Amino acid sequence: MQAEKKISDYKYIKNYFDAIDSGEIKVCKEQLQLKDYLLNRVLNRDDIYLDEKMVEDSITAPEEYFPFSLFLWQQFAQVFIYGLRWKKDKTLVFDTYFVYVGRGSGKNGWISWNSFFLLSKKHGIPNYDIDIYATGEEQAKTSFKDVYNVLESNPKLKSAYRYNLTEVKNKATQSVLRFNTSNARTKDSK
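Let me sum up the structure you'll find in this document. Because the structure is predicted, anything quoted here is derived from the model rather than measured.

Here we take up the environment of Val101. Within the element layout of this structure, Val101 appears in the loop between β2 (84-86) and α5 (107-119). Here Val101 falls in the partly exposed class, since its relative accessible area comes to 32%. Spatially, the C-alpha atom of Val101 lies 25 Å from that of Asn40, the residues being 61 residues apart in sequence. Other than its neighbours up to four places away in sequence, Val101 contacts Trp73 and Lys107.

What follows is the structure in C-alpha cells.
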C-alpha cells in the first residue's frame with residue numbers, strides 16, 4: 001500500500017520552501033516563522049486536504065494568455081488561496097491574506113492574474129464579482145488594464161467576454177471585474 005502524499009511535498013510548497021532553505025531567495029524572520037507554522041501546525045493535520053486541481057487551474061489557465069509567469073512566492077500563495085481546504089465542508093482553511101511586498105515584486109501582475117482566473121469557468125463560481133480598489137484611479141486601473149489587454153491581445157477570448165474600459169464580464173459565468181478608488185470623496189456608497 002502506498003503512503004498518502006504529504007501536503008508539504010506538493011510542488012509549489014516544496015519549491016518555495018526549498019528555495020528558502022537553499023538561500024536561493026532571501027526571506028525575513030516572519031517568512032521563516034510562517035514556514036515553521038505551516039509545517040508544524042497546519043500542513044501536517046489530518047482534517048485538511050489539498051484541492052490540487054484548483055491550484056493547478058489557478059496557475060495554468062491564465063498562463064496561456066499572460067505574457068509572464070508567476071514567481072515562486074505567488075505560486076506558493078495560490079495553494080492557500082485556492083487549494084488548502086477543510087475536509088468536513090470543503091471550505092478554505094485561510095480566508096484572509098495580507099501580502100506585504102515591495103516594488104517590483106509582482107503585486108499588480110498577480111492581482112491581474114487572479115482577477116482573470118476568478119472570472120473564468122475554471123474557477124467555477126458564477127456571478128463572482130471583483131472590485132479592485134486603490135487610493136487613486138490610475139493605480140486602481142493598473143491590474144484592470146492588464147486583464148483588458150490580455151483580452152484584447154487574444155482573439156479566441158473575445159467571444160467569451162464582454163468588456164470595455166470600465167468593466168470586464170465573462171459571458172459564461174456572468175462574473176464582473178471593475179476598478180474603484182478608495183477615496184471617500186469619489187464614491188457614492190461603496
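Once you've had a look at it, read on.
As a further point, take the environment of Lys169. Checked against the element boundaries, Lys169 lands in strand β5 (residues 168-170). Distance in space between the C-alpha atoms of Lys169 and Asp47 is 36 Å, their sequence separation being 122 residues. Apart from the residues lying within four places of it in its own chain, the contact partners of Lys169 are Ala160, Tyr161, Arg162, Gln174, Ser175 and Val176. Of the polar contacts made by the side chain of Lys169, one reaches the side chain of Gln174; its length is 3.0 Å.

All right, on to the nonpolar core then. Grouped together as the largest cluster of nonpolar side chains are 50 residues, with contacts concentrated most on Ile13, Leu43, Phe116 and Val168. Here this core gets seven residues from one element, more than from any other, and that element is helix α4 (residues 72-83). Setting aside residues up to four positions removed in sequence, Val168 forms contacts with Leu119, Phe144, Val147, Leu151, Tyr161, Arg162, Tyr163, Ser175, Val176 and Leu177.

Calculation criteria
Residues numbered from 1 in each chain as written. Predicted model: local features only at pLDDT ≥ 70, side-chain atom pairs only at ≥ 80, totals over all residues. Heavy atoms only, no water. Helix = DSSP H or I, 4+ residues; strand = E, 2+ residues; numbered from the N terminus. Buried < 20%, exposed > 50% of the residue type's maximum accessible area, 1.4 Å probe, protein only. Contact = heavy atoms within 4.5 Å. Polar contact = N/O pair within 3.5 Å; in protein donor to acceptor, adjacent residues only side chain to side chain. Core = buried A, V, L, I, M, F, W, Y, C linked by side-chain atoms within 4.5 Å.

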